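# Structure at a glance
The lines below spell out each chain.
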Number of protein chains: 2
Amino acid sequence: MFVILVYDFAEKRVGKALKIARKYLHWVQNSVLEGEISNANYYKLKMELKSIMNPEEDSIIFYTFRTQKYSKREELGLKKGGDENII
Amino acid sequence: MFVILVYDFAEKRVGKALKIARKYLHWVQNSVLEGEISNANYYKLKMELKSIMNPEEDSIIFYTFRTQKYSKREELGLKKGGDENII
């Protein structure tokens, strides 16, 4: 499946969160990652993020899609993810 | 259509960007908004954001979907958008 992950972590944990998320997804913008992921890895990603997050301060939203057939992606301005952001 | 908007603006423009985006979409997380939008309003939203953004410093990604049939949304931790974030 395809996943878009957006997170908002307190500054002291933000580096850790990004490090975990980058193992599974491509970084495309400050606090946004995306990519194809297996169900097993999606589960692992969630577990790893849960293990470091403070649920009273930090926030994560996952948007998951079975298909990309109906989706379009449009970027304006600076492309922050570099070469990594091609989907 | 349904839109997810993620933006990363330089601090001096971030308030303006949020103000524009909130006219059309629901704020769900720091720098993330989403919602149903007409083609006409999607165009207006893009024009308004373009008019204030510096394309060498600021970044926007729009994910647009004709349908939500194949999408799922999962949140962990703090729900930052308050009551407004129900889709």
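Residues numbered from 1 in each chain as written. Chains lettered and ligands numbered in written order. Predicted model: local features only at pLDDT ≥ 70, side-chain atom pairs only at ≥ 80, totals over all residues. Heavy atoms only, no water.

An unreviewed UniProt entry annotates chain A as CRISPR-associated endoribonuclease Cas2 originating from Calidifontibacillus erzurumensis. The annotation that UniProt attaches to chain A under Subunit (unreviewed entry) is "Homodimer, forms a heterotetramer with a Cas1 homodimer." In its Cofactor (unreviewed entry) section, the UniProt entry covering chain A states "Mg(2+)". (UniProt positions renumbered as here; feature names shortened; annotations may be inferred.)

Glancing now at the relation of the copies chain B and chain A. Two copies of a chain can be linked by a rotation about an axis combined with a shift along that same axis. Screw-axis analysis of chain B against chain A gives a translation of 0.0 Å along the axis, an RMSD of 0.0 Å, and a rotation angle of 180°. Accordingly, the operation relating the two chain copies is best matched by a two-fold axis. Of the interface residues in chain B, 100% have counterparts in chain A that sit at the interface too, so the contact is made through matching surfaces. (Least-squares fit on C-alpha atoms with pLDDT ≥ 70 in both. Contact = heavy atoms within 4.5 Å.)

Let us now look at the UniProt feature "binding site: Mg(2+)" (unreviewed entry) in chain A. Mapped onto the present numbering, the UniProt feature "binding site: Mg(2+)" (unreviewed entry) falls on Asp8 of chain A. Mapped onto the elements, Asp8 of chain A comes out in strand 1 (residues 2-8). For Asp8 of chain A, a relative accessible area of 13% translates into the label buried. What Asp8 of chain A contacts, discounting residues up to four positions off in sequence, is Glu57, Asp58 and Ser59 of chain A together with Gln29, Asn30 and Lys80 of chain B. (Helix = DSSP H or I, 4+ residues; strand = E, 2+ residues; numbered from the N terminus. Buried < 20%, exposed > 50% of the residue type's maximum accessible area, 1.4 Å probe, protein only.)

Evaluation of the coordinates by the stated rule reveals 7 aromatic pairs over all chains. Here the aromatic rings of Tyr7 of chain A and Phe9 of chain A are separated by 5.8 Å at their centres, their planes lie at 90°, and the arrangement is edge-to-face. Overall, the relative accessible area of 7% leaves Phe9 of chain A in the buried class. Ring centres of Phe65 of chain A and Phe65 of chain B lie 4.8 Å apart, and the angle between their planes is 15°; on these two criteria the pair is classed as stacked. Here Phe65 of chain A is found in strand 4 (residues 59-65), whereas its partner Phe65 of chain B is found in strand 4 (residues 59-65) on a different chain. Exposure remark for Phe65 of chain A: the relative accessible area of 5% places this residue in the buried category. By the ring-pair criterion, three or more aromatic residues cluster together here, those being Phe2 and Phe65 of chain A together with Phe2 and Phe65 of chain B. (Phe/Tyr/Trp six-rings, centres within 6.5 Å; stacked < 30°, edge-to-face > 60°.)

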